[in-house]
Amino acid sequence: MKILVINGPNLNMLGIREPGIYGKNTYEDLCRMIREKASELGVEVSLYQSNYEGDIVTRIQQALGQEDAIVINPAAYTHTSIAILDALKAVHLPAAEVHISDVNKREPFRQVSYAGMACEAHYIGLGFEGYLRAMEYLAEKYARSE
Ligand code: DQA
């Protein structure tokens, strides 16, 4: 099984950006945790981060025939990007949405998730653990379908 993990804008700044909200661990720490979880689950993982909406759309499109499932934290594009929602719908791969912070308890403009409408599981406010839970969910689903 291959899982694609996508992180949107400013998540490369983890550890520096608003540590009171996102914690002190870095994007590299997150990547390490994800790789460790992948080897524990016996799955392959591709990690992708971009600050550009169109590049994220293109990477989702490229997952077709390449990866079996998607974990996505679209960051600020969560709340604005119909293009990312449409890309997720287009490839029609099982997808799980992750947010490090609890967006439900933050500003009103974070209450809408377009990408989340194409995701079947949601891990919100669990910190980095949310990515690992999303990977477990998708790996279990894939194993059941084999
Ligand atoms: C975020 C929440 C978004 O509202 C914000 O724009 C981010 C990160 C999260 O992981 O908590 O950049 O997706």
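The structure displayed is predicted, hence computed values, not measured ones. (Residues numbered from 1 in each chain as written. Predicted model: local features only at pLDDT ≥ 70, side-chain atom pairs only at ≥ 80, totals over all residues. Heavy atoms only, no water.)

As a further point, take the layout of surface pockets. A volume near 160 Å³ is recorded for the largest pocket. Taken together, 15 residues make up the lining of the largest pocket; nearest its centre are Arg17, Tyr22, Ala75, Ala76 and Arg110. Taken together, the residues of the lining of the largest pocket sort by class into 7 nonpolar, 5 polar and 3 charged. (1 Å grid on protein atoms, 1.4 Å probe; cavity = no way out; pocket = protein on both sides within 12 Å on 5 of 7 lines; lining within 4 Å. Points joined across faces, edges and corners; volume = space filled by probe spheres on them. Nonpolar A, V, L, I, M, F, W, Y, C, P; charged D, E, K, R; others polar.)

Looking at the ligand, the residues that line it are Arg17, Tyr22, Asn73, Ala75, Ala76, His79, His99, Ile100, Ser101, Val103 and Arg110. Interatomic distance of 3.0 Å between a side-chain N/O atom of arginine 17 and an oxygen atom of the ligand. Contact distances for the ligand include 2.8 Å between an oxygen atom and a side-chain N or O atom of arginine 110. Contact with the protein chains covers 98% of the free accessible surface of the ligand, which is 320 Å². Placement of the ligand is best described as lying within the largest pocket. Across the shell around the ligand, the residue classes tally to 5 nonpolar, 4 polar and 2 charged. (Near = heavy atom within 4 Å. Polar contact = N/O pair within 3.5 Å; in protein donor to acceptor, adjacent residues only side chain to side chain. Areas by Shrake-Rupley, 256 points an atom, 1.4 Å probe, with all protein chains shown as cover. Sits in = over half its atoms within 2 Å of the grid points.)

Keep in mind these numbers describe shape, not what the thing actually does.
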